[in-house]
Amino acid sequence: MRSLDSDYRSCIQSSERVSWRLDDVLPEGFHLDFGSRILPDELTATESIGCLSDREKLLLNQIRSNSYAHLFLFLEEYAVALAAHRAGLELHGNPMHMRALLRFTEEELKHQQMFTRYTAAFARGFKVAPALLDNQVEVAKAILSKSDLAVLLLNLHLELMTQQHYVESIRGNDRENLDPVFCNMLKHHWLEEAQHARIDALEIQKIMARTPEALDSALTEYAELLAALRGTLIRQLELDLQTFERAAARPFTEEERKEIREAQERSYVWGFIGMGMKSPLFLSRLREVAPAAEKRVLELAPLYSFN
Ligand SMILES: [Fe+2]
Ligand SMILES: [Fe+2]
């Protein structure tokens, strides 16, 4: 595995170059301004919901943005365990690989603290207490019951998807008056996620060099993980709708609920799953691993696409 050493070294160097302190990005006890949209409409899909007033669209956008931060905290529970486990495998093995994986672990723990700070500030300032999923440990354990290769494929998907969200929808977005605190938080997240995605791909390469036959069943497990992720997203959506009805403080008709739920389900599933599967960077990484992997993902993608 000596040939991968320079790639791991380069990941460590990049990580050291962009590293930031949590207190500098998001000081404890800060206050949020609820005057503007937080995430862009591309990631929250509230503007096209005809039955909502402008004020209600803004409230739903803010609830979705808070859930977005929470879902990263939630999903990073398994990412921390994955990176720590892969680092442990290099104990008495390759110190360069181990350092890169330990930095990855530490950064994910820092990200979890950052997202916890954000959602705490949101809860302090928002008009009602937001309902959020709390079974991240159970979900992390279920994800980690799959093979390392499958979990690394899921992680690569999610880490490239996060980057795509930031680069394509948030960075330089001057069409929407987005909350600067949230944009700055996602910018710093992206700076470190860029290395994580590279390390995921290197770890995938390492497994594939030793056991290429593991790919077929890992792709089946990856498909199962996506189906389970869809279930998790829908459960958070149901909680969002409860929070929204309390915040909007008016009863919605069944028809209105249906319109809101459908728009939000499409947004969640496309934003977290379909968009990741169709990301050119994800597909090209898969192509490098094995053309069969890219083909399987493209076959699955229509299940999570709406166009
Ligand atoms: Fe992260
Ligand atoms: Fe990450």
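Data block above holds the structure.
Residues numbered from 1 in each chain as written. Chains lettered and ligands numbered in written order. Predicted model: local features only at pLDDT ≥ 70, side-chain atom pairs only at ≥ 80, totals over all residues. Heavy atoms only, no water.

Focus: the environment of Asp216
Inclusion rule: Put simply, DSSP H or I for four residues or longer makes a helix, DSSP E for two residues or longer makes a strand, and each gets a number counted from the N terminus. Contacts described as polar in this section are N or O atom pairs within 3.5 Å, which, within protein, must combine one atom able to donate a hydrogen with one able to accept it, while residues neighboring in sequence count only if both atoms come from side chains.
By the element assignment, Asp216 lies in helix H9 (residues 215-248). Looking at Asp216, its side chain comes within polar contact range of the side chain of Arg296, at 3.0 Å.

Overview of the nonpolar core
We count it as follows: Here, nonpolar core means buried Ala, Val, Leu, Ile, Met, Phe, Trp, Tyr and Cys residues that are tied together by side-chain atoms lying within 4.5 Å of each other. The cut-offs for exposure are 20% and 50% of the maximum accessible area for each residue type, with area from a 1.4 Å probe on protein chains only; residues under the lower value are buried, those over the upper are exposed, and the others partly exposed. In what follows, residue pairs with any heavy atoms lying within 4.5 Å of each other are defined as contacts.
Counting residues in hydrophobic clusters, the biggest one holds 91 residues, and the most contacted among them are Tyr78, Tyr118, Phe182, Tyr222, Phe244, Ile260 and Met277. Take this core: its biggest share by element is 14 residues, from H9. Excluding residues that lie within four positions of it along the chain, Met277 makes contacts with His157, Tyr222, Leu226, Phe282, Leu283, Val297, Leu300, Ala301 and Tyr304. Formed by twelve residues, the second largest nonpolar core is a distinct cluster that contains Tyr8, Ile12, Leu101 and Phe104.

A few points about the coordination of the iron ion (ligand 2)
To keep it simple, the criterion reads: Note on donors: an N, O or S atom is included if it sits within 2.8 Å of the metal, or within 3.2 Å for Na, K and Ca, and water is never included, so sites can look incomplete.
The coordination sphere of the iron ion (ligand 2) contains the protein donors Glu108 (OE), Glu159 (OE), Glu193 (OE), Glu193 (OE) and His196 (ND1), at a distance range of 1.8 to 2.4 Å. Here the donor residues for the iron ion (ligand 2) map to a single chain with the spacing E-x50-E-x33-E-x2-H. If you look at the iron ion (ligand 2) and the iron ion (ligand 1), they sit 3.5 Å from each other and are both ligated by Glu108. Taken together, the residues span about one helical turn, with Glu193 and His196 both in helix H8 (residues 180-210) at a distance of three residues.

Concerning the coordination of the iron ion (ligand 1)
Looking at the iron ion (ligand 1), one finds its protein donor set to be Glu76 (OE), Glu108 (OE), His111 (ND1), His189 (NE2) and Glu193 (OE), positioned 1.9 to 2.3 Å from the metal centre. Along the chain, the residues that donate to the iron ion (ligand 1) are spaced as E-x31-E-x2-H-x77-H-x3-E. Judged by relative accessible area, Glu108 falls into the buried class, the value being 1%. For Glu193, a relative accessible area of 1% puts it in the buried group.

Looking at the side chain of Ser15
Tracing the backbone shows Ser15 in helix H1 (residues 5-18). Filtering out sequence-adjacent residues up to four positions away, Ser15 remains in contact with Arg103, Glu107 and Gln195.

Description of empty space enclosed by the protein
Cut-off, in case you're wondering: A cavity, in this analysis, means grid points on a 1 Å lattice covering only the protein atoms where a 1.4 Å probe fits yet has no way out; a pocket is instead an open set bounded by protein on both sides within 12 Å along at least five of seven lines, and a residue lines either one if it has an atom within 4 Å of a point. Grid points are joined across faces, edges and corners, and a volume is the space filled by probe spheres set on the points. Here the term charged refers only to Asp, Glu, Lys and Arg, the term nonpolar to Ala, Val, Leu, Ile, Met, Phe, Trp, Tyr, Cys and Pro, and the term polar to all other amino acids, Gly among them.
A complete count under the given rule lists three cavities of 30 Å³ or more for this structure. Looking at the largest cavity, the residues that line it are Phe72, Leu75, Glu76, Tyr78, Ala79, Glu108, Asn155, Leu158, Glu159, Thr162, His189 and Glu193. Broken down by secondary-structure element, the contributors of at least two residues to the lining of the largest cavity are helix H4 (54-89), helix H7 (148-170) and H8. In terms of residue count, H4 provides more of the lining of the largest cavity than any other element does, five residues in total. Its residues assigned to classes, the lining of the largest cavity comprises five nonpolar, three polar and four charged.

Side note on the layout of surface pockets
Space inside the largest pocket adds up to approximately 170 Å³. Val139, Ile143, Leu225, Ala228 and Leu229 are, among the 13 residues lining the largest pocket, the residues nearest its centre. Contributing elements (two or more residues each) for the lining of the largest pocket: H4, helix H6 (136-143) and H9. Tallying contributions element by element places H9 first for the lining of the largest pocket, with six residues. Each residue belonging to the lining of the largest pocket can be placed in one class, and the counts come to nine nonpolar, one polar and three charged.

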